[in-house]
Amino acid sequence: MWTRNSLLLWAALSCAAPARAQETGPAGGREPKADHVHYLAPSHLFSCEAPRGWQAFETEDALGPVVRLLGPDNPAGTYRAGLSVRWVEKGGPGYVEAKQAVEEMRRSDKDTKRSATAVTPMRVEGLLARLFEVVETRVLPLERLPAAEAQIHHYVAVIPSGRNYYLVRLSSARDVYLDFREDYLRCLKTFKPLAR
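Here is what the cut-offs are and how they apply
- Residues numbered from 1 in each chain as written.
- Predicted model: local features only at pLDDT ≥ 70, side-chain atom pairs only at ≥ 80, totals over all residues.
- Heavy atoms only, no water.
- Core = buried A, V, L, I, M, F, W, Y, C linked by side-chain atoms within 4.5 Å.
- Buried < 20%, exposed > 50% of the residue type's maximum accessible area, 1.4 Å probe, protein only.
- Helix = DSSP H or I, 4+ residues; strand = E, 2+ residues; numbered from the N terminus.
- Contact = heavy atoms within 4.5 Å.
- Phe/Tyr/Trp six-rings, centres within 6.5 Å; stacked < 30°, edge-to-face > 60°.
- Pairing = 2+ DSSP bridges.

Re the nonpolar core
Among the nonpolar cores identified, the biggest contains 36 residues, and Phe46, Ile159, Tyr166, Val168 and Phe191 are the most heavily contacted of them. Residue assignment for this core shows that the elements contributing at least two residues are β2 (46-51), β4 (64-73), β5 (80-88), β7 (120-124), β8 (127-140), β9 (148-161), β10 (164-173) and α3 (181-189). In contact with Phe191, not counting residues within four places along its chain, are Phe46, Ser47, Cys48, Val85, Val124, Glu125, Ile159, Tyr166 and Val168. Counting 13 residues, the second largest nonpolar core, distinct from the first, contains Val88, Tyr95, Val134 and Val158.

In structure tokens form, the structure reads like this:
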């Protein structure tokens with residue numbers, strides 16, 4: 001039987017896990033750059049270097065586990081940069097194969113004015129990833145007025161691991177997307193898939 005104190009202790013430990021995960025030492029003894037930290041997902045699905053000071057947490061939604069790292073707001077304060085890593089497992093809800101997922105994310109959409117770049121291959125820890133960029137329009141900010149259309153930029157990588165894959169995305173306001181390009185590439189260059 002759970003007591004009130006044991007529930008509070010469990011809640012406190014659950015909240016502390018993501019913060020503690022960032023303090024884990026890097027694999028192979030290599031130290032991260034000064035403005036990055038080694039991040040190990042609490043679920044041990046992956047590790048990588050992430051920007052220092054970004055808030056990390058892991059959740060499970062209807063599509064499965066996802067890690068989110070939240071960065072700074074854009075200068076207008078309407079959109080917060082964020083890095084997400086989703087593990088997509090065959091047989092999971094909404095599963096589509098990696099190739100189909102890439103096609104769907106790159107598909108033009110006149111309602112959101114979505115456009116995408118060509119796919120570029122990149123080796124990520126021995127796995128052949130597919131990288132591309134997507135730009136779409138949203139009305140921001142969502143929670144207050146006045147709101148206006150703004151362009152959102154996504155760096156996207158699909159990293160197949162057998163029939164499963166990782167979906168790694170860094171999203172930001174279009175006016176500052178180049179500020180995060182090196183952070184995104186550093187994440188991919190140091191990405192270690194650890195999923196089952």
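Regarding unusual backbone geometry
Backbone geometry follows two general trends: most residues other than glycine have a negative phi, and most peptide bonds adopt the trans configuration. Phi angles above zero are rare outside glycine, and His44 is one such case at about 60 degrees. Secondary-structure assignment places His44 in the loop between β1 (36-40) and β2. By relative accessible area, which is 46% here, His44 ends up partly exposed. At Glu125, a position not held by glycine, the phi torsion is positive, near 50 degrees.

What about the packing of aromatic side chains?
Applying the stated rule across the entire model yields eight aromatic pairs. Aromatic pair Phe46 and Phe191: ring centres 5.3 Å apart, planes at 10 degrees, arrangement stacked. Of this pair, Phe46 sits in strand β2 while Phe191 sits in the loop between α3 and β11 (192-193), and the two are 145 residues apart along the sequence. Taken together, a centroid distance of 4.7 Å and an interplanar angle of 55 degrees make the contact between Trp87 and Tyr166 tilted. In this pair, Trp87 sits in strand β5 while Tyr166 sits in strand β10, placing the two residues 79 residues apart along the sequence. The class of Tyr166 is buried, set by a relative accessible area of 1%. Every member of this aromatic cluster is reached through a ring pair, and the members are Tyr39, Phe46, Trp87, Tyr166 and Phe191.

So, the sheet that holds β11
One open sheet holds the three strands; their spatial order is β1-β2-β11, and the pairing between them is antiparallel. Looking at the sheet topology across the chains shown, the edges are occupied by β1 and β11. Here two bridges tie β2 to β11, and the two strands are oriented antiparallel to one another. Paired with Phe46 across the two strands is Pro193, which belongs to β11.

Describing the environment of Pro42
Note on placement: Pro42 falls in the loop between β1 and β2. Here the alpha-carbon distance between Pro42 and Val67, two residues 25 residues apart in the chain, equals 8.9 Å.

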